[in-house]
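# Structure at a glance
The chain contents come next:
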Amino acid sequence: MLIKIGKKSDLKESEVTPQSLFDQRRQFIKKAAGYSVAAATLSLPFSAMAALNLNPFQKENSSLSDELTARKHVVSYNNFYEFGTDKKDPAAHAGSLKTDPWSVTVAGECAKPGVYALEDLVKPHAFEERIYRLRCVEAWSMVIPWIGFPLADLIKQMQPTSKARYVEFTTLHDPQQMPGQKRSVLDWPYIEALRMDEAMNPLSLMAVGLYGEVLPNQNGAPLRLVLPWKYGFKSIKSIVKIRFSETQPRTTWNLSGPGEYGFYANVNPEVDHPRWSQSRERRIGEFRKRKTQMFNGYAEEVAHMYRGMNLKRNF
Ligand SMILES: Nc1nc2c(c(=O)[nH]1)N[C@H]1C(S)=C(S)[C@@H](COP(=O)(O)O)O[C@H]1N2
Ligand SMILES: [Mo]
């Protein structure tokens, strides 16, 4: 069943039995082949998906601009520098990432710091399917049916103190599992951060799946952020640490190229990347270019957070 939420952007939610997809999928992986990587690339049997009331192939009411990007592109054209810098590298090499067991350290300004098993972190939350555009700063985009829960729910679970003004996220650092980390193309581990109000925005999603299955490794298994109004690089993958902080954290892409990648990284067609334009984008699977929309088309939900800020200076 699709629930329409009355907003102009292309956000859609469909009801999913809380936790069941995640549990069943992880059970399925374990039953099928221990923790093996091969099993992780299988999709759920169709009957199991039907039972979850989740039809990833549903395109009801989708206009051309909502057309889902074919799954084959979503899982084979990726940015995940921990596995190499080519778009094909993550799909080819992310099999070495072991996502079960997985734990996430919660630290800093909150009442519930600690090391959480992934299951304990996600279990209290109800999963939803949300169709979001992901717009890369490299001027391509995709439309993906994500499965996850609001980041705000996880933040409330951790009870941040009144000092917490930012949330920082860190990706796993393990060159054995992530061979791209043997090269210093970035300052590892990959770090991203949000202002607290951005993190609490209802659009901010902690994703655990896409296209009706658990996240493939190349898309950031087992837990990643999806922030549809920001350039893709803010949507950090394979998260092992969440830290609440009073001061603005340093972020990986901003450290690597301060003139090219700002802290905010809101999709803004008026602020070009120094080496290429941001006014248009190519939807993967299409040839023609589309005009890039302010905040990637989610202005109604997010523009209020930046009122009074100079978005050319705070890019
Ligand atoms: N840890 C980590 N997270 C990351 C990246 C990365 O290299 N490492 N790349 C980012 C960039 S630039 C983009 S565009 C998106 C791509 O997500 P996708 O491969 O699932 O489409 O992931 C983001 N998250
Ligand atoms: Mo990107």
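Residues numbered from 1 in each chain as written. Chains lettered and ligands numbered in written order. Predicted model: local features only at pLDDT ≥ 70, side-chain atom pairs only at ≥ 80, totals over all residues. Heavy atoms only, no water.

## Structural notes on empty space enclosed by the protein
For the coordinates displayed, the defined rule picks out two cavities of 30 Å³ or more. Approximately 30 Å³ is the volume attributed to the second largest cavity. Classifying every residue of the lining of the second largest cavity gives four nonpolar, three polar and no charged. (1 Å grid on protein atoms, 1.4 Å probe; cavity = no way out; pocket = protein on both sides within 12 Å on 5 of 7 lines; lining within 4 Å. Points joined across faces, edges and corners; volume = space filled by probe spheres on them. Nonpolar A, V, L, I, M, F, W, Y, C, P; charged D, E, K, R; others polar.)

## Description of the pairing of strand β5 (residues 128-135)
Counting buried positions over the eight residues of β5 gives eight, a clear majority of the element. Of the two faces of β5, both are covered, the one formed by Glu 128, Arg 130, Tyr 132 and Leu 134 as well as the one formed by Glu 129, Ile 131, Arg 133 and Arg 135. Linking β5 back to strand β6 (residues 140-150) in an antiparallel pair, the connection comprises four residues, with Ala 139 at a positive phi of about 75°. (Buried < 20%, exposed > 50% of the residue type's maximum accessible area, 1.4 Å probe, protein only. Helix = DSSP H or I, 4+ residues; strand = E, 2+ residues; numbered from the N terminus. Pairing = 2+ DSSP bridges.)

## Some details on the site of ligand 1
Lining the immediate surroundings of ligand 1 are 16 residues, of which Asn 78, Tyr 81, Glu 82, Arg 224 and Lys 237 lie closest. Within the side chain of Arg 224, one N or O atom sits 2.6 Å away from an oxygen atom of ligand 1. Ser 235 is positioned such that a nitrogen or oxygen atom in its backbone is 2.9 Å from a nitrogen atom of ligand 1. Counting atoms within 2 Å of the grid points, the majority share of ligand 1 lands in the largest pocket. Class assignment of the residues belonging to the shell around ligand 1 gives a composition of seven nonpolar, six polar and three charged. (Near = heavy atom within 4 Å. Polar contact = N/O pair within 3.5 Å; in protein donor to acceptor, adjacent residues only side chain to side chain. Sits in = over half its atoms within 2 Å of the grid points.)

## Section: the sheet that holds strand β8 (residues 191-195)
Strand pairing within a sheet occurs via backbone hydrogen bonds; the two strands may be parallel or antiparallel. Strand order in the open sheet formed by five strands is β4-β3-β12-β7-β8, with mixed pairing between adjacent strands. Each edge of the sheet is formed by a strand with only one pairing partner; in this case those strands are β4 (114-117) and β8. The mean angle between the axes of side-by-side strands here comes to 20°, regardless of whether they run parallel or antiparallel. The pairing of strand β3 (residues 103-108) with strand β12 (residues 239-245) spans four bridges and is parallel. Along β12, the bridge assignment pairs Ala 107 with Arg 243. (Axes fitted to C-alpha atoms, helices over the stretch in contact; angles between N-to-C directions.)

## Looking at the nonpolar core
Judged by nonpolar contacts, the single largest core of 80 residues is most densely connected at Trp 146, Phe 169, Leu 225, Trp 229 and Phe 244. Looking at this core, the element that brings in the most residues is β6, giving seven residues. Beyond its immediate chain neighbours, meaning those up to four positions away, Phe 244 contacts Val 106, Ala 107, Gly 108, Glu 109, Cys 110, Ile 155, Met 158, Pro 160, Ala 164, Tyr 166, Val 167 and Met 196. (Core = buried A, V, L, I, M, F, W, Y, C linked by side-chain atoms within 4.5 Å. Contact = heavy atoms within 4.5 Å.)

## Examining the side chain of Glu 82
Along the chain, the position of Glu 82 falls in the loop between α4 (71-74) and α5 (89-93). Buried and unpaired, Glu 82 has Lys 237 as its nearest opposite-charge partner, separated by 7.5 Å. Contact partners of Glu 82, with chain neighbours within four places excluded, come to Thr 171, Met 178, Pro 179, Gly 180, Gln 181, Trp 188 and Tyr 190. (Lys, Arg positive; Asp, Glu negative; His and termini not counted. Salt bridge = Lys/Arg side-chain N within 4 Å of Asp/Glu carboxyl O.)

## Re the side chain of Asn 266
With respect to the element layout, Asn 266 can be found in the loop between α9 (252-256) and β13 (280-283). When residues no more than four places from it in sequence are discounted, the contact partners of Asn 266 are Glu 198, Trp 229, Lys 230, Tyr 231, Phe 295, Tyr 306 and Leu 311.

## Thoughts on the layout of surface pockets
Quantified by volume, the largest pocket comes out at close to 410 Å³. Together, 27 residues line the largest pocket, and Asn 79, Phe 80, Tyr 190, Gly 232 and Phe 233 are the ones closest to its centre. For the lining of the largest pocket, the element with the highest residue contribution is β6, accounting for four residues. Split by residue class, the lining of the largest pocket holds 17 nonpolar, six polar and four charged.

## Observations concerning the pattern of salt bridges
Inspection of the entire model under this criterion finds 12 salt bridges. Residues Glu 138 and Lys 87 are paired through a salt bridge, measuring 3.1 Å at the closest nitrogen-oxygen approach. Note that Glu 138 is positioned in the loop between β5 and β6 and Lys 87 in the loop between α4 and α5, a separation of 51 residues in sequence. Lys 87 sits in the buried class, given a relative accessible area of 14%. Between Arg 283 and Glu 281 there is a salt bridge, with the nearest N and O atoms lying 3.8 Å from each other. Three or more residues are tied together by salt bridges with common partners; here these are Arg 135, Glu 281 and Arg 283.

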